[in-house]
Amino acid sequence: MASVRSPTVREGIHCGSPALPYGRASDTKANGYCIESLPDREIASCSGACYHPNFHMPAVAHSITSERVHEQFANAGRVLVLTGAGVSAESGVPTFRGGGNTAVWKGVPFEVISSARMLERDLPAVWEWFNYRRELLAALKPNPAHEAISRWQDKFSELTLVTQNIDGLHQAAGSRHVIELHGNIWRARCFDCGARHDVRELMFDQGVPSCFDCGGHLRPDVVLFGEMLPAGAFERAAAAAQQCDLCFVVGTSAVVYPAASIPEIARSAGAYVVEVNPERTPLSDLCHEVITGNAGEILPLLCQKPDR
Ligand code: OAD
């Protein structure tokens, strides 16, 4: 298993190349947490298909949520939820992996186009990829999974929501204080002055947009492969994981670190860990319960009484 705190990246998504056309160094030294993926799930095998559409399992039955989960849910005080692309799948957001597929963009594996190295080599191509994703996301709305998690804020004494998603749908559903491990696609950041700008309303057709303050080049305010997580984000998530009673792992393939280490931390600290996913993941064996199915169908059921 990958080290959860390694400041290095796995072979194939190395980030240490010299500055190229746009001459921009990426954020590789901001703090100690650099994203990497498990080597056995590397993407070399992906075909020429594009960013693949969602896949969904058939509807799930009520009985899938066990009495034990309901008991944990009813009695927990501190709860941590880690989400991944799957929580947004029922909103229409394509996942990166899952259903036997891995995303590619114009023949380039997404872990390459979404990398610190690509930022240095070809910033316009990175913007093109993110503009494509921004267009896909612009019209999408939160689904019952986002809404259920948002309601949990009022149910538990402490709810920590940690997401790998950059789509902003948790916030759109009403979740507050979301820990965004991988940034947010609706923000851009200036290479020169560091200013962050809300770019939700702006569509950049081509090229590289300029900073509204200083005129420098903007980049998407997201974490790329080979870059560090936003300062303090992982630390806050890990601290909450150490203290939670109940941890949900929802809609993530659990192959990207350090995000995937959060449920491991929770489990080691004694939390009850529940996974919600149509597929098994490398974390499934660590979980106390694995609920197989779609988040938008399962999460709303947790507030209801279990079938006898
Ligand atoms: P992935 O695309 O790797 O995994 C999506 C997971 O969601 C898979 O395990 C699916 O089985 C599951 N899934 C699909 N539909 C679902 C549904 N309706 N309900 C619940 N689960 C469902 O997405 P992540 O694990 O989020 O990082 O990927 C982690 C990171 O890899 C992303 O944040 C992104 C990517 O590279 C960066 O770009 C930095």
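Here, every reference points to the structure presented above.
Residues numbered from 1 in each chain as written. Predicted model: local features only at pLDDT ≥ 70, side-chain atom pairs only at ≥ 80, totals over all residues.

Caption draft 1: Representation of helix α1 (residues 67-75) in the model. Within the span of α1, buried status applies to Val69, Gln72 and Phe73. Along the long axis of α1, the arc covered by the buried residues comes to 100°, so they all point the same way. Away from its buried face, by an angle of more than 90 degrees, α1 presents the exposed residues Glu67, Glu71, Ala74 and Asn75. Next to the buried residues of α1 lie β12 (246-250), β14 (272-277) and β15 (289-292). (Buried ≥ 20, exposed ≤ 12 C-beta atoms within 10 Å, placed from the backbone. Helix = DSSP H or I, 4+ residues; strand = E, 2+ residues; numbered from the N terminus. Arc of directions from axis to C-beta. Contact = placed C-beta atoms within 7 Å.)

Caption draft 2: Seen up close, helix α8 (residues 261-268). The element α8 is largely enclosed, with a buried count of six among its eight residues. Along α8, the residues that are buried comprise Ser261, Ile262, Pro263, Glu264, Ile265 and Ala266. In the core, the buried residues of α8 are packed alongside β2 (78-83), β7 (158-163), α7 (233-243), β12, β13 (256-257) and β14. Just past α8, the residue Gly270 takes up positive phi, approximately 105°.

Caption draft 3: Structural view of the sheet that holds strand β11 (residues 218-222). The three strands are arranged β10-β9-β11 in an open sheet whose pairing can be described as antiparallel. Both outer strands of the open sheet, β10 (196-198) and β11, are each paired with one neighbouring strand and no more. Averaged over all neighbouring strand pairs, the angle between strand axes comes to 45°, with direction disregarded. Sheet topology note: the strand β9 (residues 183-190)/β10 ladder contains three bridges and is antiparallel. Opposite Ala188, over in β10, you have His197 as the bridge partner. In the packing of helix α4 (residues 123-138) onto the sheet, contacts are made with β9 and β11, and the angle to β9 comes to roughly 145°. (Pairing = 2+ DSSP bridges. Axes fitted to C-alpha atoms, helices over the stretch in contact; angles between N-to-C directions.)

Caption draft 4: Focus on the packing of α7 against α8. The N-to-C vectors of α7 and α8 enclose an angle of 30°; their axes lie 7 Å apart at closest approach. Between α7 and α8, the crossing angle belongs to the class labelled roughly parallel. Relative to α8, the crossing made by α7 is right-handed. Taken together, the residues of α8 that come into contact with α7 (itself represented by Ala237, Ala238, Ala241 and Gln242) are Ile262, Ile265 and Ala266. Among the residues making up the contact of α7 with α8, the classes are represented as six nonpolar, one polar and no charged. (Parallel < 35°, antiparallel > 145°, perpendicular 65-115°, else oblique. Left-handed = near helix turned anticlockwise from the far one by under 90°. Nonpolar A, V, L, I, M, F, W, Y, C, P; charged D, E, K, R; others polar.)

Caption draft 5: Representation of the site of the ligand. Taken together, 29 residues lie around the ligand, and Gly84, Gly86, Phe96, Gly98 and Gly251 are the ones closest in. Taken together, the elements giving at least two residues each to the shell around the ligand come down to β3 (97-98) and β14. In terms of residue class, the shell around the ligand is made up of ten nonpolar, 15 polar and four charged. When we break the shell around the ligand down by domain, the ones giving at least three residues each are domain 1 (1-92 + 142-182 + 228-308) and domain 2 (94-139 + 188-222). (Near = placed C-beta within 6 Å. Domains from an automatic or database assignment.)

Caption draft 6: Spotlight on the nonpolar core. Counting 81 residues, the largest nonpolar core has Leu80 and Cys247 as the members making the most contacts within it. If one sorts the elements of this core by residue count, α4 sits on top with six residues. Non-local contacts of Cys247, meaning those with residues more than four positions away in its chain, are made with Leu80, Ala241, Pro263, Ala266, Ala271 and Val273. (Core = buried A, V, L, I, M, F, W, Y, C linked by C-beta atoms within 7 Å.)

Caption draft 7: Layout of unusual backbone geometry. Omega for the peptide link from Tyr257 to Pro258 comes to 10°, which places this bond in the cis form. Structurally, Pro258 can be placed in the loop between β13 and α8. Positive phi is not limited to glycine here, since Lys106 has a value of about 50°. Mapped onto the fold, Lys106 is located in the loop between β5 (104-105) and β6 (108-109). Owing to 12 C-beta atoms within 10 Å, Lys106 belongs among the exposed residues under this scheme. With a phi close to 55°, His177 is a non-glycine residue in the positive phi region.

Caption draft 8: Seen up close, the environment of Ser114. Mapped onto the fold, Ser114 is located in the loop between α2 (110-113) and α3 (116-121). Take Ser114: there are 27 C-beta atoms within 10 Å of it, and that puts it in the buried class. Considering only alpha carbons, one finds Ser114 and Val223, 109 residues apart in sequence, at a separation of 8.4 Å. Among residues more than four places away in sequence, those in contact with Ser114 are Leu224 and Phe225.

Caption draft 9: Structural detail: the sheet that holds β7. The strand order across the open sheet built from six strands is β8-β7-β2-β12-β14-β15, with neighbouring strands paired in parallel fashion. The open sheet has two edge strands, β8 (179-180) and β15, and neither has a second partner. One ladder, built from six bridges, connects β2 with β7; its direction is parallel. By the bridge assignment for β7, Leu80 is matched with Thr160.

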